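Structural features, examined
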Amino acid sequence: MGQEEIYHQRLEKRELLQKQRLEPYGRAFKRSVTAEISEGQKGVSAAGRIMAFRRHGRTAFLDLRDDSGKIQLYLKPETLDAASVFCYENLDIGDIIGVRGDTFRTRTGELTIAVQFLTILAKSLRPLPEKWHGLKDVETRFRYRELDLIMNREVKDVFRKRSRLLQLTREFLTSRGFLEVETPMMHPIPGGAEARPFITHHNALNLDLYLRIAPELYLKRLLVGGFEKVFEINRSFRNEGISPLHNPEFTMLEVYEAFSDCSGMMELTEELISSCVKELSGGVEISYQNSVVNLARPWKRVKWVETFAQLGLNWQDEPAVRQMARTVSPGEDDSGKSLFDCLDAIFKKLVQPGLIDPTFVIEYPRQVSPLAKSLPGNLEMTERFELFLAGLEVANAYSELNDPVEQKERFEEEVKTQRPDRPKEVDYDYITALEYGLPPAGGLGIGIDRLVMLLTDSSSIREVILFPLLRPKS
RNA sequence: GGGCCGUUAGCUCAACUGGCAGAGCAGGGCACUCUUAAUGCCAAGGUUGGAGGUUCGAUUCCUCCACGGCCUACCA
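Quick caveat, the model's predicted, so the values are computed rather than measured.

1. With respect to the side chain of Glu400
Structurally, Glu400 can be placed in the loop between strand S19 (392-399) and helix H11 (404-416). Here the side chain of Glu400 touches Gly443 through a polar contact of 3.2 Å, landing on its backbone nitrogen. If sequence neighbours within four positions are ignored, Glu400 has contacts with Glu216, Lys220, Tyr256, Leu371, Lys373, Leu438, Ala441, Gly442 and Gly443.

2. So, the protein's contact with RNA strand B
What surrounds RNA strand B is a group of 63 residues, the closest being Thr108, Lys131, Glu139, Glu194 and Arg462. One of the backbone N or O atoms of Arg107 is found 2.6 Å from a base oxygen in RNA strand B. Contact distances for RNA strand B include 3.1 Å between a phosphate oxygen and a backbone N or O atom of Lys136. Those elements that provide at least two residues to the surface near RNA strand B are helix H1 (3-19), strand S1 (44-56), strand S2 (59-66), strand S3 (69-75), helix H3 (138-143), helix H10 (339-351) and strand S18 (384-389). With 4 residues, the top contributor of residues to the surface near RNA strand B is H1. When grouped by side-chain class, the residues that make up the surface near RNA strand B number 19 nonpolar, 15 polar and 29 charged.

3. Brief notes about the pairing of strand S8 (residues 199-202)
With 4 bridges connecting them, S8 and strand S9 (residues 207-211) associate as antiparallel partners. Note on S9: the bridge partner recorded for His202 is Leu207. Between the end of S8 and the start of S9, which pair antiparallel, lie 4 residues, with Asn206 showing a positive phi angle near 45°.

4. Concerning H1
Taking 1.5 Å per residue as the helical rise, H1 with its 17 residues ought to reach 24 Å, and the 24 Å between its terminal C-alpha atoms agrees with that figure. Considered for burial, the residues of H1 that qualify are Ile6, Arg10, Lys13 and Leu17. On an axial view of H1, the arc spanned by its buried residues comes to 50°, and they lie on one face. Exposed side chains of H1 directed beyond 90 degrees from the buried face belong to Glu4, Glu12 and Lys19. Where H1 is buried, its residues meet helix H2 (82-89) and strand S5 (111-122). The positive-phi residue at the C-terminal boundary of H1 is Arg21, with phi of around 60°.

5. A short note on the sheet that holds S5
Two orientations exist for strands paired in a sheet by backbone hydrogen bonds: parallel and antiparallel. The strand order around the closed barrel built from 5 strands is S1-S2-S3-S5-S4, with neighbouring strands paired in mixed fashion. When strand polarity is set aside, the average angle formed by the axes of neighbouring strands in this sheet is 50°. Pairing of S1 with strand S4 (residues 96-105) involves 6 bridges; the strand directions are antiparallel. Counted as the bridge partner of Val44 is Gly101 from S4.

6. Here we look at the domain arrangement of chain A
We note that the domain assignment places domain 1 (3-128) and domain 2 (150-299 + 357-463) within chain A. The gap between the C-alpha centroids of domain 1 and domain 2 is 48 Å. The partner domain 2 presents 5 residues to the 6 residues of domain 1 that form the contact. In total, domain 1 and domain 2 occlude about 500 Å² of area from one another, counting both sides; carbon and sulfur atoms represent 46% of this. Its largest share of buried area at the contact with domain 2, domain 1 owes to Arg65, Asp67 and Leu128, together 67% of the area lost on that side. Our count for the domain 1 to domain 2 interface comes out at 2 salt bridges. Note that Lys156 is salt-bridged to Asp67, the shortest N-O span being 2.6 Å. Run the count over domain 1 and domain 2 and you get 3 residue pairs in polar contact (both at pLDDT 80 or more). Along the lines of polarity and charge, the residues of the side of domain 1 that touches domain 2 split into 2 nonpolar, 1 polar and 3 charged.

Analysis parameters
Residues numbered from 1 in each chain as written. Chains lettered and ligands numbered in written order. Predicted model: local features only at pLDDT ≥ 70, side-chain atom pairs only at ≥ 80, totals over all residues. Heavy atoms only, no water. Helix = DSSP H or I, 4+ residues; strand = E, 2+ residues; numbered from the N terminus. Polar contact = N/O pair within 3.5 Å; in protein donor to acceptor, adjacent residues only side chain to side chain. Contact = heavy atoms within 4.5 Å. Near = heavy atom within 4 Å. Nonpolar A, V, L, I, M, F, W, Y, C, P; charged D, E, K, R; others polar. Pairing = 2+ DSSP bridges. Expected span 1.5 Å × (residues − 1). Buried < 20%, exposed > 50% of the residue type's maximum accessible area, 1.4 Å probe, protein only. Arc of directions from axis to C-beta. Axes fitted to C-alpha atoms, helices over the stretch in contact; angles between N-to-C directions. Domains from an automatic or database assignment. Buried area = accessible area lost by both parts, 1.4 Å probe. Salt bridge = Lys/Arg side-chain N within 4 Å of Asp/Glu carboxyl O.

Below is the structure:
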């Protein structure tokens, strides 16, 4: 029987129920138990979705599932009232029902509700995927996540873990005196990162706006305003390619602490991630894909220049850098690439995959860190780190550049050397804010989705985002 | 954007070198009062992602299109 026929059969059952004044889409149902029942309870009530139906002569066993797990039901028409029998006769796998009855233990030892009353709370009109193999097709899983959640228990666990991580992060930060804030998602000038923005438009103001690519500049304006410890956990949007590591909208944690700096952020990062991993994975080791990551502290630190030196490369030797970049990404036009683009390509190909145990790569060049403060006595390098775990970039932090004159010069330099596909504008409101005085501060960004990937051993960012972006199926 | 791969029943999967498209689950019927991937029997379910082409004949070969996956590029 095809899907259409099943659909119409179930529609007919819906109408049959209505004719008997048994509303197939019911109202609130009071439950007294979830999956944890004990023997000999009288008159318990439970509700959930029918996941399996084992008819057995005049009796039947049903698997009822709610958010807490599975409850087995035992049904015998002669112990039911007429309305319940009618519901039972028009029941399908997938229906959401409410039941009342007494608990008992079956011969095989399973705690079960012997049903005395049954009502349909929501008639399901479409057949569920296969009960044993579940729903495997990744496209369907992401497009119809609700089906994925019904069929694949592990998927629910991923998102429970994600929620728990966010909760732990908030607890960690607020208990240390950080204030959770919300800054605009719609920016007149996109800033705080290097990415193409999504454009939107406000009609009443007749104003083009950009979905934020990072909340950074607004958060630092709050430090100017006198909040000393702030954080925001929310979406940023980048109009770039989609990959197993990139979704156009993704969740970032950004933390700013006045009178701290890059090394303060390093300590905070170590503590935050260690405590979350301990809580969520129960130890200092996590296995991710084919690697084992040991999070025992203290974490490794290596200077950015050192990582190239270890490859036998002097990062300032441009011909050598370009030579190596070509071997790393062969057949590519590198004429438009800067020295730093080439270094980044080499880093991503040859250095990053080896950074399995947590590693802080520190002291990045000024040219790739426009918002970071330079090292004392070394204008070329900045007080900055990126954190890598299992080869994934998880965090980025620096001592915030708080000299308005230098910041303005760096912004204006960026505008001068901008790429045509990525127009840049100086955010003078931000400069003005700095001119009133931004206290010395440390700032930190953590990619929450990637951290969830690590904690759930997910190979793709789409596994940890409930509704990842897909092209609509026309 | 480029390369490679995939798309077969509602779901999970078969189908040799181009030769009648087949199972299991779900759904329908019958039997069965302790099953749990219940069981046994019977019947049904297909525009093989879409459009073209080659061929006596296409799920299979070719072209284009759609969607997806992986790699790559872009995203500090």
